[in-house]
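# Analysis of the macromolecular model
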Amino acid sequence: MVTLAEVARHAGVSASTVSYVLSGKRSISAPTRERVEHSIKELGYHPNAGARALASSRSNILALMVPLRTDMYVPVMMEIAIAVATTARSHGYDVLLLTGEEGPAAVRRVTGSGLADAMIVMDVELEDERLPLLHAARQPTVLIGLPADTVGLTCVDLDFTATGALCADHLADLGHREIAVVGEAPAVYERHTGFAERTLEGLRRRAGELGVRLLHRPCEGSYESMDGTLSRIFDERPGTTGFVVQNEAAIDPLLSLLRRQGRAVPEDVSVVAICPEQVATQASVRLTSVAIPAQEMGRRAVELAVAKLAGRAPEEQVTLLAPELTVRASSGPAPGTS
């Protein structure tokens, strides 16, 4: 294993100079820094993590809090997590993944131990119980998601309110006057998870403005639960011709059940999904959809965290990614309007 002293000899500088280049604690001339960095790269030197943390008061680790709940679509969560890990690595950081449903306890463990230089927090609720601890933490924090109150916080997310409105606009433009929303599992709304609540808010507001009737029904996503949900929707609103689905697990059961009932998509019923691109394109009917920009959210979150650590970001910043709706084979004019 290459040592710091060997790097110093190779670069023709003192060991302390190499240490200062690594820690950034003192200003080093550009030619000397370049020489040291060249020696580090050529010799393949990797500083001891413990020693580096002691010397710089930095661990070069970002903590990612991503509770893996059974009522959430894990592939999207993991796509964001992978984007966080790869982007962090490009900035010289490793990622500590916290997947338990620990809430404030996980925040206390990170802030109290100095395990990480900054935190990235997912699965954000409108009144998230982690927020008071995050406000008080010395480590910078970035939220992937929006709570009800974003004052003093740095957040990045898809603009889910605009996403809901965009789905309503698309179906209304096609002449649909009765729309049903197949939502996430009931527990997601019971927790007041931000993305689900904001999507519903956008849908309801725009539907009201457009004079469109809207019915929302949560769904566990299994075939059996989707069967019951669809039956209730048509019992309550037999004139429903448009569906917005924000539940990846429910998509295939919904399309299968509509087919079994003799309702053709999009001739009789239109379906718009809020889901990853891959889910939309691989469904039995290629779905008109608003994609979840998981990789972009993960990348932006890391870049914001790194900027905060470097003192290059404001204390408060909300970044909302604009939704894009891609029209495919699952949406068309409402029956009797073409």
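Because the structure is a prediction, the values reported are computed rather than measured.

### Overview of the overall build of the chain
Within the chain, the regular secondary structure consists of 14 helices and 12 strands. Across the 338 residues in the chain, those meeting the buried criterion constitute 50%. Considering only contacts within the chain whose residues lie at least 6 apart along the sequence, 71% involve residues at least 24 apart. Here the chain has roughly 15400 Å² of accessible surface; of this, 51% comes from carbon and sulfur atoms. Where the 33 positive side-chain charges of the chain centre and where its 41 negative ones centre are 6 Å apart.

### So, the packing of helix α1 (residues 4–11) against helix α3 (residues 30–43)
Viewed as axis vectors pointing N to C, α1 and α3 meet at an angle of 125°, and their least axial separation amounts to 9 Å. Regarding the angle of α1 to α3, the classification is oblique. Considering the relative orientation of α1 and α3, their crossing is right-handed. Two secondary-structure elements touch here, α1 through Glu-6, Val-7, His-10 and Ala-11 and α3 through Arg-35, Val-36, Ser-39, Ile-40, Glu-42 and Leu-43. In terms of residue class, the contact of α1 with α3 is built from 5 nonpolar, 2 polar and 3 charged.

### Quick notes on α1
Residues of α1 that are buried include every one of Val-7, Ala-8 and Ala-11, and no others. Projection of α1 onto a plane perpendicular to its axis shows the buried side chains occupying an angular sector of 100°, all on one side. Downstream of α1 by one or two residues, Gly-12 has phi in the positive range, about 75°.

### Remarks on the environment of Leu-203
Note that Leu-203 resides in helix α10 (residues 194–210). Look at Leu-203 and you get buried, because its relative accessible area is 1%. In sequence terms Leu-203 and Ser-90 are 113 residues apart; their C-alpha atoms lie 38 Å from each other.

### Remarks on the nonpolar core
Counting residues in hydrophobic clusters, the biggest one holds 47 residues, and the most contacted among them are Leu-62, Ile-80, Ile-120, Ile-144 and Val-244. When residues of this core are assigned to their parent elements, the largest contribution, 8 residues, is made by helix α14 (residues 294–309). The two domains that each donate at least three residues to this core are domain 2 (61–158 + 294–321) and domain 3 (160–292). Apart from residues lying up to four places away in sequence, Ile-80 is in contact with Met-122, Ile-144, Ala-294, Met-297 and Gly-298. Ranked by size, the runner-up nonpolar core spans 26 residues in total, among them Val-182, Leu-255, Leu-257 and Val-271.

### Considering the sheet that holds strand β6 (residues 178–183)
Read across the sheet, 6 strands follow the order β7-β6-β8-β9-β10-β12 without closing on themselves; strand pairing throughout is mixed. Sheet topology places β7 (213–218) and β12 (325–326) at the edges, where each strand pairs with a single neighbour. Summarising the sheet, strand β10 (residues 288–291) and β12 pair through 2 bridges and their orientation is antiparallel. Paired with Val-290 across the two strands is Leu-325, which belongs to β12. Contacts from helix α11 (residues 223–236) reach β6, β7 and β8 (242–245), with the element oriented near 155° to β7.

### Some words on the packing of aromatic side chains
Any aromatic ring pair is given by two values, namely how distant the centres are and how the planes are angled relative to each other. In total, this model carries 2 aromatic pairs according to the counting rule given. An angle of 55° between the planes, with centres 5.6 Å apart, marks the rings of Phe-160 and Phe-195 as tilted. Of this pair, Phe-160 sits in helix α8 (residues 160–173) while Phe-195 sits in helix α10, placing them 35 residues apart in sequence. Just as Phe-160 is buried, Phe-195 falls in that class too. Seen in terms of ring centroids, Phe-234 and Phe-243 are 5.9 Å apart; in terms of plane orientation they differ by 70°. Their pairing is edge-to-face. Here the two residues Phe-234 and Phe-243 agree in accessibility, since each one is buried. The aromatic ring of Phe-234 is capped on one face by Arg-263, whose charged end is 3.6 Å from the ring centroid.

### Here we look at the domain arrangement of the chain
Where interface size is quoted, it is often the accessible area lost as the parts come together. One can read the domain layout of the chain as domain 1 (4–47), domain 2 (61–158 + 294–321) and domain 3 (160–292). A separation of 32 Å is found between the C-alpha centroids of domain 1 and domain 2.

Basis of the calculations
- Numbers given to residues run from 1 along each chain, matching the order in which its sequence is written.
- Confidence filtering applies because this is a predicted model: local features only for residues at pLDDT of at least 70, side-chain atom pairs given and counted only at 80 or more, and all residues used for totals across whole chains, interfaces and linings.
- Side-chain metrics in this entry use all non-hydrogen atoms of the structure; hydrogen atoms and water are not considered.
- The secondary structure listing takes helices from DSSP runs of H or I that are at least 4 residues long and strands from runs of E that are at least 2 residues long, numbered from the N terminus.
- Here the term buried applies to any residue with accessible area under 20% of the maximum for its type, exposed to any over 50%, and partly exposed to those in between, with areas from a 1.4 Å probe on protein chains only.
- A contact between two residues is defined here by any heavy atoms of the two lying within 4.5 Å.
- Surface accessibility in these figures is a Shrake-Rupley result with a 1.4 Å probe; residues are shielded only by whichever protein chains are displayed.
- When charges are counted, Lys and Arg contribute as positive and Asp and Glu as negative, whereas His and the chain ends are disregarded.
- Note that the charge is assigned to NZ on lysines, CZ on arginines, CG on aspartates and CD on glutamates.
- Axis geometry follows a simple rule: fit a line to the C-alpha atoms, using only the stretch in contact for helices, then measure angles between N-to-C directions, giving values from 0 to 180 degrees.
- Reported orientations rely on four angle classes, namely roughly parallel under 35 degrees, roughly antiparallel over 145, roughly perpendicular from 65 to 115, and oblique for the rest.
- By convention the crossing between two helices is left-handed if the near helix lies anticlockwise of the far one by an angle smaller than a right angle, and right-handed if it lies clockwise.
- Note on residue categories: nonpolar means Ala, Val, Leu, Ile, Met, Phe, Trp, Tyr, Cys or Pro, charged means Asp, Glu, Lys or Arg, and polar means any other residue, Gly included.
- Directions from the helix axis toward the C-beta atoms define the arc.
- Among buried residues, those of type Ala, Val, Leu, Ile, Met, Phe, Trp, Tyr and Cys that are joined through side-chain atoms within 4.5 Å constitute a nonpolar core.
- Domain start and stop positions are those given by an automatic or database domain assignment.
- Here the rule is simple: two strands pair whenever DSSP picks up at least two bridges between them.
- Any pair of Phe, Tyr and Trp rings, taking the six-membered ring for Trp, is counted once the centres come within 6.5 Å. Such a pair is stacked with planes under 30 degrees apart, edge-to-face with planes over 60 apart, and tilted for the rest.
- We call a charge positioned over a ring when the NZ of a Lys or the CZ of an Arg lies within 6 Å of the ring centre and within 35 degrees of the ring normal.

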